[in-house]
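Here's the letter readout for the chains.
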Amino acid sequence: MTYPVNLLLNRPECVAVITDTDEDIARAEFRVTALTRSHTLQTNEATALVQQISSLTDQIDPLEARIATMPAGAARTGEELKLRALKRDREELEDRQIGDSGGRSAFRRSRELEAAQRQLAAYQECRAQVQARHDSLPA
C-alpha cells in the first residue's frame, strides 16, 4: 500500500509518525508471537484428537465384527460393554473436536495468525515509507 507520506512536511512530523508506527509494530509483533504459540497448541490438540478418534475407531470396528459372531452369554455381554465404553469415549472426543478443540479452531487460529502477520508487514512497510520521506526532507 502507498501511504500519504507526501502530507508529512518536515522531519519532526516523520519522527512522530515513526514513533507511533514503532509502537504499532511492537504490539503487532507481540500479537504474532502469542498467536503463533496459540496456533501451535491448537493444531497439536486438534491433531491429537484426530489420532485418538482414529485409534478408537480402529478398536471399535473389529470389536463390532467379533461381537456379531459371538453367541449370547457372559463373554458377549462383556465385549458389548467394552464396545459401548469405546463408543462413548469416541463420542466425547468427537464432541470436543466439534467444539473448541478441533480442526475448526485450529483453522481459526491459522487465519488469525495470518492476519496478524499481514498487519505487521503493513506496519513495517508504512514505517519504511515514512523513513524514506524523512530521509528525503531537508534537515
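Residues numbered from 1 in each chain as written. Predicted model: local features only at pLDDT ≥ 70, side-chain atom pairs only at ≥ 80, totals over all residues. Heavy atoms only, no water.

A. The state of the cysteines, seen in detail. Across all of its chains, the model carries 0 disulfides by this definition. The thiol sulfur of Cys14 is not disulfide-bonded, and the nearest other cysteine sulfur, from Cys126, lies at 11 Å. Residue Cys14 is classed as buried on the basis of its relative accessible area of 0%. Residue classification places Cys126 among the buried residues on the basis of a relative accessible area of 12%. (Disulfide = S-S within 2.5 Å. Buried < 20%, exposed > 50% of the residue type's maximum accessible area, 1.4 Å probe, protein only.)

B. How the structure looks around the packing of helix H1 (residues 11–69) against helix H3 (residues 103–136). Contact pair H1 / H3: the axes reach a minimum separation of 8 Å and the direction vectors enclose 160 degrees. Relative to H3, H1 is oriented roughly antiparallel. The way H1 lies across H3 gives a crossing that is left-handed. (Axes fitted to C-alpha atoms, helices over the stretch in contact; angles between N-to-C directions. Helix = DSSP H or I, 4+ residues; strand = E, 2+ residues; numbered from the N terminus. Parallel < 35°, antiparallel > 145°, perpendicular 65-115°, else oblique. Left-handed = near helix turned anticlockwise from the far one by under 90°.)

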